Number of protein chains: 2
Amino acid sequence: MVRKTKEEAAATRLQLLDAAERLFSEKGVSHTSLHEIALAAGLTRGAIYWHFEDKGDLLKAMWERVALPIHDAICSSNTNKLDPLTLIRSKVCWMADHIEEDPRIFALMNIVMLRCEFTDETRSARDHFLHERETCQRHLLADFDTAIATGALPPHTNAEHAMQGIFGLVDGICFHWLIQPQAFCIRQVTHSSVDCFLAGLQRSR
Amino acid sequence: MVRKTKEEAAATRLQLLDAAERLFSEKGVSHTSLHEIALAAGLTRGAIYWHFEDKGDLLKAMWERVALPIHDAICSSNTNKLDPLTLIRSKVCWMADHIEEDPRIFALMNIVMLRCEFTDETRSARDHFLHERETCQRHLLADFDTAIATGALPPHTNAEHAMQGIFGLVDGICFHWLIQPQAFCIRQVTHSSVDCFLAGLQRSR
DNA sequence: CCATACATACATCCTTGTATGTATGTAAGT
DNA sequence: ACTTACATACATACAAGGATGTATGTATGG
């Protein structure tokens, strides 16, 4: 059955992205062949090579599709007029709050942290990831600056260290949870750890 | 040149481990062939198959060689009679204090976090890693219990959450640093973040 | 003389990339 | 309205290169 209309082609593309997402997350990027992906989507490699340049391009496309909402959540401006620390808390806990429910986010983080070698093959996807990561860090840094400026954090606070620390904290917990999801509740541990870290910032001398 | 004596054979084995360590860290585990490893060690695949069962076994052996000192550092008993929080601090900062100097530790963490897909091929090595990881966590948990029992931390402290949090913190910072080593000083950020986290624990209600 | 410690040779299986085939949608011409 | 022609959206076929595992060769130590 050859698909013809643009809508059907777009649907095919999504099927391929779905299959790639699932297989990459289950078996690892380099251990998944394009043949397997096409098969899982009920297609052939011809479809993949029509929609994507190669495996790296497919990975990148899959990556971009999921990374967008994550990026938006963390880089969103303070529309609700939350106080600075509450804003930071809600942003950095976003991942832990959604990774259990949203299989797509789970798959992305699983691929990034456990199922993907950072190498030439994944370079373009990785560059995209790093670029978004930097944007998130800049926004978070600005949020810390605001918190310091408004007195929510003491004036001597090192915003750069605070940002790197809290970012590492949530990613590290996520990393451990992905390795052993049954070991602990990522939501609880992330929330209490973030609260603890922010409390430590507030009361530092 | 065929090597004969047991000492020479042992040296050959170490050469293979060295080559594997370097290439795995540079190119990723699945993107490094046994042929490349043998070539880098000035040998052939025959030598690898003599000393190891397959790629997974080689990875596991390489892993065990480096993981041991890390394990010892974190699971060591409190011989210096440090106060509980200082002990915890020194243990969890050990990695950040050594990863820049020791290329072997750098390679191991780089492989674990960025250059290795957690999949069937790496299963035996991963299981070993997870087992040591659990041992470290148990020791660290005991250290937190001691800290609570001696009053260094408030009695209502959740030791399990604290352990997961601080472990995630240092691993997450390590993860980010490996992705972009030039972005920040891992030692500084780790130390200040750990201090901050422990301060938060101390002054929590 | 036998086991060790490799090197070499061989067969098989994948995987990738590309080239080609093909059926349909679509737009233009008449 | 009907044909023509071309682009689209794949499927199929082909060629080439690795990578792995194993089988065999071989030189030396003990």
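For chain A, the name recorded in an unreviewed UniProt entry is HTH tetR-type domain-containing protein, with Candidatus Dactylopiibacterium carminicum as its organism.

Student: Help me understand the overall build of chain A in this model?
Tutor: Scanning chain A for helices and strands turns up 10 helices and 0 strands. Ordering the α and β elements of chain A from the N terminus gives α-α-α-α-α-α-α-α-α-α. Principal-axis analysis of the C-alpha atoms gives chain A an extent of 65 × 35 × 30 Å. Here chain A, with 205 residues, has 55% of them falling under the buried criterion. A fraction of 70% describes how many contacts in chain A between residues 6 or more apart in sequence connect residues 24 or more apart. For chain A, the accessible area works out to roughly 9300 Å², and carbon and sulfur atoms hold 53% of it. Between the mean site of the 22 positive side-chain charges and the mean site of the 27 negative ones, chain A shows a separation of 1 Å.

Student: Can you walk me through the relation of the copies chain A and chain B in this structure?
Tutor: Both copies of the chain are placed relative to one another by a rotation about an axis and a shift along it. Overlaying chain A with chain B gives an RMSD of 0.0 Å, the required rotation being 180° about an axis along which the chain moves by 0.0 Å. One copy is carried onto the other by what is essentially a two-fold rotation axis. Looking at chain A, 100% of its interface residues are interface residues in chain B too, so the copies touch through the same face.

Student: Would you take a moment to explain the interface of chain A and chain B for this structure?
Tutor: With 41 residues of chain A at the interface, the matching set in chain B holds 41 residues. Surface buried jointly by chain A and chain B totals about 3700 Å² across both partners, of which 59% is contributed by carbon and sulfur atoms. When the buried surface of chain A facing chain B is broken down by residue, E117, H161 and H176 of chain A rank first, second and third, together holding 17% of it. Summed over the shared surface of chain A and chain B, the number is 0 salt bridges. The tally of links between chain A and chain B comes to 22 residue pairs in polar contact (both at pLDDT 80 or more). Where the side of chain A that touches chain B is concerned, the elements lending two or more residues are helix 7 (103-114), helix 8 (123-149), helix 9 (159-179) and helix 10 (186-202) of chain A. Its residues assigned to classes, the side of chain A that touches chain B comprises 18 nonpolar, 15 polar and 8 charged.

How each quantity is defined
Residues numbered from 1 in each chain as written. Chains lettered and ligands numbered in written order. Predicted model: local features only at pLDDT ≥ 70, side-chain atom pairs only at ≥ 80, totals over all residues. Heavy atoms only, no water. Helix = DSSP H or I, 4+ residues; strand = E, 2+ residues; numbered from the N terminus. Buried < 20%, exposed > 50% of the residue type's maximum accessible area, 1.4 Å probe, protein only. Contact = heavy atoms within 4.5 Å. Areas by Shrake-Rupley, 256 points an atom, 1.4 Å probe, with all protein chains shown as cover. Lys, Arg positive; Asp, Glu negative; His and termini not counted. Charge placed at Lys NZ, Arg CZ, Asp CG, Glu CD. Least-squares fit on C-alpha atoms with pLDDT ≥ 70 in both. Buried area = accessible area lost by both parts, 1.4 Å probe. Salt bridge = Lys/Arg side-chain N within 4 Å of Asp/Glu carboxyl O. Polar contact = N/O pair within 3.5 Å; in protein donor to acceptor, adjacent residues only side chain to side chain. Nonpolar A, V, L, I, M, F, W, Y, C, P; charged D, E, K, R; others polar.

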